[in-house]
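# Inside the fold
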Amino acid sequence: TVSNLRGRLDEIGAAIDVDDDVVLILPESTGGRDYRLGAEFPPLELDELSPQALREMLDDAGIKWRIVIVSACYSGGYVEPLKNDNTLIMTASAADRTSFGCGTDSDATFFAEALFQQALHFEDSFLKAFEQARMRIAEREKRKT
């Protein structure tokens, strides 16, 4: 939930060395054209996570160095609101596109599989791993069409 995320980020912010520690966050959910990430736990009605809310939570927690990996449809909408000199942002899709491999049939989205289960197993650079994942997804999309 958004409130749980806020609490955990506050705890992390209080525990880290602000100048040296890097915090990685991986929001993964359903995403909409409004760039909000869904949270479902019926019968409760939960707040969705917006890019602006995530930026505010990270700022309020005092987390300076950030790696944010958003795995959701339309997740590219998180780039501009989160962008600063201390943040690395990777997204599963562009702001105007769905991501691939979502659903109950798979253990991971194409993005999560390509990044975490493949590229980062062999690469120690997030930037290089992201580029490898991007190329792998593009190849996989071509085979599907």
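Residues numbered from 1 in each chain as written. Predicted model: local features only at pLDDT ≥ 70, side-chain atom pairs only at ≥ 80, totals over all residues. Heavy atoms only, no water.

## A look at the packing of helix H4 (residues 110–122) against helix H5 (residues 126–144)
- Contact pair H4 / H5: the axes reach a minimum separation of 9 Å and the direction vectors enclose 130°. As judged from the angle between their axes, H4 and H5 are oblique. Like other packed secondary-structure pairs, H4 and H5 cross with a definite hand, here right-handed. Residues Phe110, Phe111, Glu113, Ala114, Leu115, Gln118, Ala119 and Leu120 of H4 pack against Phe126, Ala129, Phe130, Gln132, Ala133, Arg136, Ile137, Arg140 and Lys144 of H5. (Axes fitted to C-alpha atoms, helices over the stretch in contact; angles between N-to-C directions. Helix = DSSP H or I, 4+ residues; strand = E, 2+ residues; numbered from the N terminus. Parallel < 35°, antiparallel > 145°, perpendicular 65-115°, else oblique. Left-handed = near helix turned anticlockwise from the far one by under 90°. Contact = heavy atoms within 4.5 Å.)

## Looking at the sheet that holds strand E5 (residues 87–91)
- Taken together, the 3 strands give an open sheet; going across it, the order is E1-E4-E5, and neighbouring strands pair in parallel fashion. Every interior strand has two partners, whereas the edge strands, strand E1 (22–25) and E5, have only one. The sheet shows a mean angle of 10° between the axes of neighbouring strands, direction not considered.
- Bridge analysis of E1 against strand E4 (residues 65–70) gives 4 bridges, and the strand direction is parallel. Among the inter-strand pairings, Leu24 is bridged to a residue of E4, identified as Ile67.
- Contacting E1, E4 and E5, H5 runs over the sheet at an angle of about 15° to E5. (Pairing = 2+ DSSP bridges.)

## Some details on the pairing of E5
- Most of E5 sits out of view: 4 of its 5 residues are buried.
- Judged from the 5 bridges that link them, E4 and E5 form a sheet pairing that is parallel. Across the sheet, Ile67 pairs through a bridge with Leu88, a residue of E5. (Buried < 20%, exposed > 50% of the residue type's maximum accessible area, 1.4 Å probe, protein only.)

## Points about the layout of surface pockets
- In this structure, the largest pocket spans a volume of roughly 320 Å³.
- Together, 16 residues line the largest pocket, and Ala92, Ser93, Arg134, Ile137 and Glu141 are the ones closest to its centre.
- Among the secondary structure elements, those contributing two or more residues to the lining of the largest pocket are H4 and H5.
- Taken as a whole, the second largest pocket spans an internal volume of roughly 200 Å³. (1 Å grid on protein atoms, 1.4 Å probe; cavity = no way out; pocket = protein on both sides within 12 Å on 5 of 7 lines; lining within 4 Å. Points joined across faces, edges and corners; volume = space filled by probe spheres on them.)

## Here we look at unusual backbone geometry
- With phi around 70°, Tyr35 is a residue other than glycine that occupies positive phi space.
- Position of Tyr35 among the secondary structure elements: in the loop between E1 and strand E2 (40–41).
- Residue Tyr35 is classed as partly exposed on the basis of its relative accessible area of 28%.
- Of note in this structure, Tyr74 is not a glycine but carries a positive phi near 60°.
- Residue classification places Tyr74 among the buried residues on the basis of a relative accessible area of 10%.

These figures capture arrangement, not role.
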